[in-house]
Amino acid sequence: MGAEEPDISKVLGELLRYRDCNGNLPILNLFLSRSLPSLPIDDFAEAQIEMEASNIDISIRGLEHCIIIENKVRDALFQRNQLGRYIMTARQWGYGPKPHKTYW
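Residues numbered from 1 in each chain as written. Predicted model: local features only at pLDDT ≥ 70, side-chain atom pairs only at ≥ 80, totals over all residues. Heavy atoms only, no water.

**Some thoughts on the overall build of the protein**
The criterion, for reference: Secondary structure elements follow DSSP: runs of H or I no shorter than four residues count as helices, runs of E no shorter than two count as strands, and numbering proceeds from the N terminus. Between buried and exposed lies partly exposed: a residue is buried under 20% and exposed over 50% of the maximum accessible area for its type, with that area taken using a 1.4 Å probe on protein chains only. Computed by Shrake-Rupley with a 1.4 Å probe, the accessible areas treat only the displayed protein chains as cover when residues are assessed.
Each helix and strand in the protein was counted, giving three helices and three strands. Along its sequence from the N terminus, the protein presents helices and strands in the succession α-α-β-β-β-α. Burial status across the protein gives 30% buried among its 104 residues. A total accessible area of about 7,300 Å² is found for the protein, and carbon and sulfur atoms account for 55% of it.

The following block contains the structure:
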């Protein structure tokens, strides 16, 4: 028997939360620079990282940007409108579309 989805989210979230002796988030910064290189890393200097909150596996909340990570393991069930619910949650947190910016 292996780890379940919430356990994996918690481990990954704790890794992303790791701060070095200078208070920096080196693992999060590496993730951002490799995965979303045009996203401003400074926006996440004081990131709020939550796991398994608001029905979201991992949320990374910066000053102007929010990243949502959906963890799918072991035949996870399809959830209708899951992405839409995530967008609505991010909007409730104060995040919204930015004109003329794409980060993929």
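**Observations concerning the side chain of S9**
Convention followed: Polar contacts, as counted here, are pairs of nitrogen or oxygen atoms within 3.5 Å of one another; within protein the pair requires one atom able to donate a hydrogen and one able to accept it, and residues that are adjacent in sequence qualify only if both atoms are side-chain atoms. Working rule for contacts: check all heavy atoms of both residues, and any pair within 4.5 Å makes them a contact.
Relative to the elements of secondary structure, S9 occurs in helix α1 (residues 5–17). Given the relative accessible area of 0%, S9 is considered buried. Side chain to side chain, S9 and E52 meet in a polar contact 3.1 Å long. Non-local contacts of S9, meaning those with residues more than four positions away in its chain, are made with M51, E52, D57, I58 and N71.

**Topic: the packing of aromatic side chains**
Inclusion rule: In summary, the pairing rule links any two rings of Phe, Tyr or Trp, Trp by its six-membered ring, whose centres are within 6.5 Å, and it sorts them by plane angle into stacked for under 30 degrees, edge-to-face for over 60 and tilted for everything else. Counted as over-ring charges are cases with an Arg CZ or a Lys NZ within 6 Å of the ring centre that also lie within 35 degrees of the ring normal.
The tally for this structure, following the rule as stated, stands at zero aromatic pairs. Across from the ring centre of W93, 4.0 Å away, lies the NZ or CZ of R61, which sits over that ring.

**A look at the nonpolar core**
What counts, and what does not: Throughout this description, the term nonpolar core refers to a set of buried Ala, Val, Leu, Ile, Met, Phe, Trp, Tyr and Cys residues connected via side-chain atoms within 4.5 Å.
Judged by nonpolar contacts, the single largest core of 14 residues is most densely connected at L28, F44, I49, I60 and I67. Residue assignment for this core shows that the elements contributing at least two residues are α2 (26–35), β1 (48–53), β2 (56–61) and β3 (66–69).

**Observations concerning the environment of G96**
Positionally, G96 belongs in the segment after α3 (82–92). What makes G96 partly exposed here is its relative accessible area of 33%. Along the chain, G96 and C66 lie 30 residues apart, while their C-alpha atoms are 9.1 Å from each other.

**Section: the confidence of the model for the protein**
It should be kept in mind that the predicted coordinates are not to be read in detail where pLDDT is low. For clarity, the threshold we go by: Confidence of the predictor at the level of single residues is given by pLDDT, which spans 0 to 100.
Put simply, the protein has an average pLDDT of 87, and 86% of its residues get 70 or more. Mean pLDDT per element in the protein: α3 is the minimum at 90, and α2 is the maximum at 96.

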